[in-house]
Amino acid sequence: MSKCIVIVGTTGTGKTTTVCNILNEVGIPKVIFDVNNEEKYKPFKNLWDKNLDFESFVKKATTFKQTCIVFEEATIFFSHAGSTTDIKKLLVQKRHTKNLLIFNFHSLRNVPLFILDFCDLLVLGKTNDNRKNIETKFKDFTEIYEAFQIAQSSADKYVKKYVRLIQQ
């Protein structure tokens, strides 16, 4: 699979549903780090040892091959400097490990740029981001800023704009 997908949207805009739709399509093992124990993930086989904290989970995830690895509520975890090295390892090695990485964020401004550097597809829904902050952070990412503006202006609560970041 060798892909990284970042899904962004505020609470209740369909991020988890979008992940579940992807999980239904992929025929590889699924591992989901889900601090909220989402009911929607119950049908998917989850190899995750629920006793692992985030850093231990990420370290273990670096050993997986041909696996879909989901980081639900990723917004919470990227202040931990220790796990950043292992997240970068997952991203850099995704082609060699054939892993599919999926990150769910509530806010576009909270997506670390190093993740976007390796992201194949950004799925952008409505957020509570301040337009000026997004314009400043993404002024050099025209496609992202334009998709943000379209999603924010939509009357559809579940709107999704798709931005392909790594060209095939």
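Please refer to the structure placed before this passage.
These figures come from a predicted structure and were not determined experimentally.

Next up on the list: helix α2 (residues 54-61). Structural remark: α-helix, 3.6 residues per turn; residues separated by three or four positions point the same way. Every buried residue of α2 is listed here: Phe-54, Phe-57, Val-58 and Ala-61. The buried residues of α2 occupy an angular sector of 95° when projected down its axis, which confines them to one face.

Every buried residue of helix α1 (residues 15-25) is accounted for by Lys-15, Thr-16, Thr-18, Val-19, Cys-20, Ile-22 and Leu-23. Residues of α1 that are buried make contact with β1 (3-8), β2 (30-33), β3 (68-71), β4 (100-105) and β5 (121-124).

This next bit is on the side chain of Thr-62. Mapped onto the secondary structure, Thr-62 falls in the loop between α2 and β3. The buried category is assigned to Thr-62, whose relative accessible area is 15%. The contact partners of Thr-62, leaving out residues within four places of it in the chain, are Asp-86, Lys-89 and Leu-90.

Of the two faces of β3, the one lined by Cys-68 and Val-70 and the one lined by Ile-69 and Phe-71 are each fully buried. Note: β2 against β3, four bridges, orientation parallel. Residue pairing for β3: Lys-30 is matched across the bridge by Cys-68. For β3 and β4, the ladder comprises four bridges, and the chain directions are parallel. Bridge assignment links Val-70 to a residue of β4, and that residue is Ile-102.

Turning next to the sheet that holds strand β6 (residues 161-164). If you walk across this open sheet you meet the six strands as β2-β3-β4-β1-β5-β6, and the pairing is mixed. At either end of the open sheet lies a strand with only one pairing partner, and these are β2 and β6. Across the sheet, the axes of successive neighbouring strands diverge by a mean angle of 15°, strand direction being ignored. With respect to the sheet, helix α7 (residues 142-153) is in contact with β5 and β6, its orientation differing from that of β6 by roughly 175°.

Rules behind the numbers
- Residues numbered from 1 in each chain as written.
- Predicted model: local features only at pLDDT ≥ 70, side-chain atom pairs only at ≥ 80, totals over all residues.
- Heavy atoms only, no water.
- Buried < 20%, exposed > 50% of the residue type's maximum accessible area, 1.4 Å probe, protein only.
- Helix = DSSP H or I, 4+ residues; strand = E, 2+ residues; numbered from the N terminus.
- Arc of directions from axis to C-beta.
- Contact = heavy atoms within 4.5 Å.
- Pairing = 2+ DSSP bridges.
- Axes fitted to C-alpha atoms, helices over the stretch in contact; angles between N-to-C directions.

So, to be careful, I would describe these as geometric facts and stop short of saying anything about function.
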